[in-house]
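# Breakdown of the fold
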Amino acid sequence: MRYQVEHRTLYNYDIPVIQSQQLLHMMPRETPYQQSVSCTLVCEPQPAEQSRRLDFFGNHSDYVTLLIPHQSLQVTSRFQADVLPRPTMAAFTNSPTWEQVQTMLQSQGTGHIEATRYLYSTGKVKSSEALANFALHCFTAQRPLLEAAMALTQQIYQEFEFDPQATDVATPLDDVLKGKRGVCQDFAHLMIGAMRSLGLACRYVSGYILTHPPAGKPRLVGADASHAWVSVYCPVYGWVDFDPTNNCLVQHEHITVAWGRDFGDVSPMRGVVLGGGKQQLDVSVTVTPLEYALT
């Protein structure tokens, strides 16, 4: 499936901003299941400096600097990407047990160095006994890792309610666990924290997902949103992605932009401004299957 994605971020400020520096993660990654076709990034006002490079995790990172006074800043990314179907759970018949993977990751010189960077606590995802106990409902003795990860995906979906008003980017993970409410970012952090608390490698993935309008209704421009899910490391199969918000193994309706240890590594737009006072943020995302765009 080929998708067209437009992501527009608009900041309005009460007073002029004198200088702004921004770090952006808005361009799609190349993966075995995803190929970028085209991409553009437009900033208004036009930046004095703009550059792109790969960050530590291999994500496309854009750096922009604005040096003229401005009272609004709009950043629009547009890209097309081809996304292929991924293996289903039926393909993962040789998954090792989670205890075997735990032992592999704790051993030195085992060839899993890249995965070890996703083993440890971060500012937004701290390992804990409470998270480990939450995971152990699914990670029973000698259970295959990917089977247990799918069960944890289902457990989060069944026990937690999607509620955009319940949390914000600063809500501690312990509060999410206790309140059992949140959004896709919270559910991804929860699953990552639970698995890392058992000594397993798990990374945070940001991107977009195709949403389906009600039958007979047109797709609404700007009604979609950024999405987040989880990638689990399995030595036999590599990284396998799960979406606890939607209770599914990631397939061909997820479009990958970036991955890291938590949301802080892959925030779509983050920066510092000189001036501005209070700010108002408006975000609009449109994900379109290309054949719909042509009809």
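That block above? That's the structure.
First things first, this report covers the structure right here in the doc. A quick note: this is a predicted structure, and the numbers were derived from the prediction, not measured.

### Side note on the overall build of the protein chain
- Scanning the protein chain from terminus to terminus reveals 8 helices and 14 strands.
- The C-alpha radius of gyration of the protein chain comes to 20 Å, within 12% of the 19 Å expected for a compact globule of 295 residues.
- Across its three principal directions, the C-alpha atoms of the protein chain cover 60 × 45 × 40 Å.
- Within the protein chain, buried positions represent 49% of all 295 residues.
- Residue pairs in contact within the protein chain that sit at least 24 positions apart in sequence constitute 77% of those at least 6 positions apart.
- Within the structure as shown, the protein chain displays about 14000 Å² of accessible surface, and the carbon and sulfur contribution to it stands at 54%.
- Charged side chains of the protein chain number 21 positive and 27 negative; the gap between the two group centres comes to 2 Å.

### A few points about the environment of Gln71
- Relative to the helices and strands, Gln71 is located in strand E5 (residues 70-83).
- Overall, the relative accessible area of 40% leaves Gln71 in the partly exposed class.
- In this structure Gln71 touches Tyr11, Asn12, Tyr13, Asp14, Ile15 and Pro16, once residues within four positions along its chain are discounted.
- At a separation of 2.9 Å, a polar atom in the side chain of Gln71 contacts the main-chain carbonyl oxygen of Asp14.

### Considering the pairing of strand E8 (residues 202-209)
- Of all 8 residues in E8, 8 are buried, a share of seventy percent or more.
- With 7 bridges connecting them, E8 and strand E9 (residues 226-234) associate as antiparallel partners. Among the inter-strand pairings, Tyr208 is bridged to a residue of E9, identified as Ser226.
- Here E8 runs beside strand E12 (residues 254-260); their pairing, made up of 6 bridges, is antiparallel. Within E12, the position partnered with Gly207 by the bridge is Thr256.

### A closer look at unusual backbone geometry
- In this chain, Glu44 is followed by Pro45 through a cis amide linkage whose omega measures 5°.
- Following the sequence through the fold, Pro45 ends up in the loop between strand E2 (34-44) and strand E3 (49-54).
- The backbone phi angle of Gln142 is positive, close to 65°, even though this residue is not glycine.
- Mapped onto the fold, Gln142 is located in the loop between helix H3 (129-136) and helix H4 (145-159).
- The exposure class of Gln142 is exposed, given its relative accessible area of 53%.
- With a phi close to 55°, Lys180 is a non-glycine residue in the positive phi region.
- Positionally, Lys180 belongs in the loop between helix H5 (173-179) and strand E7 (181-182).

Conventions we followed
Residues numbered from 1 in each chain as written. Predicted model: local features only at pLDDT ≥ 70, side-chain atom pairs only at ≥ 80, totals over all residues. Heavy atoms only, no water. Helix = DSSP H or I, 4+ residues; strand = E, 2+ residues; numbered from the N terminus. Rg over C-alpha atoms; globule rule 2.2 N^0.38 Å. Buried < 20%, exposed > 50% of the residue type's maximum accessible area, 1.4 Å probe, protein only. Contact = heavy atoms within 4.5 Å. Areas by Shrake-Rupley, 256 points an atom, 1.4 Å probe, with all protein chains shown as cover. Lys, Arg positive; Asp, Glu negative; His and termini not counted. Charge placed at Lys NZ, Arg CZ, Asp CG, Glu CD. Polar contact = N/O pair within 3.5 Å; in protein donor to acceptor, adjacent residues only side chain to side chain. Pairing = 2+ DSSP bridges.

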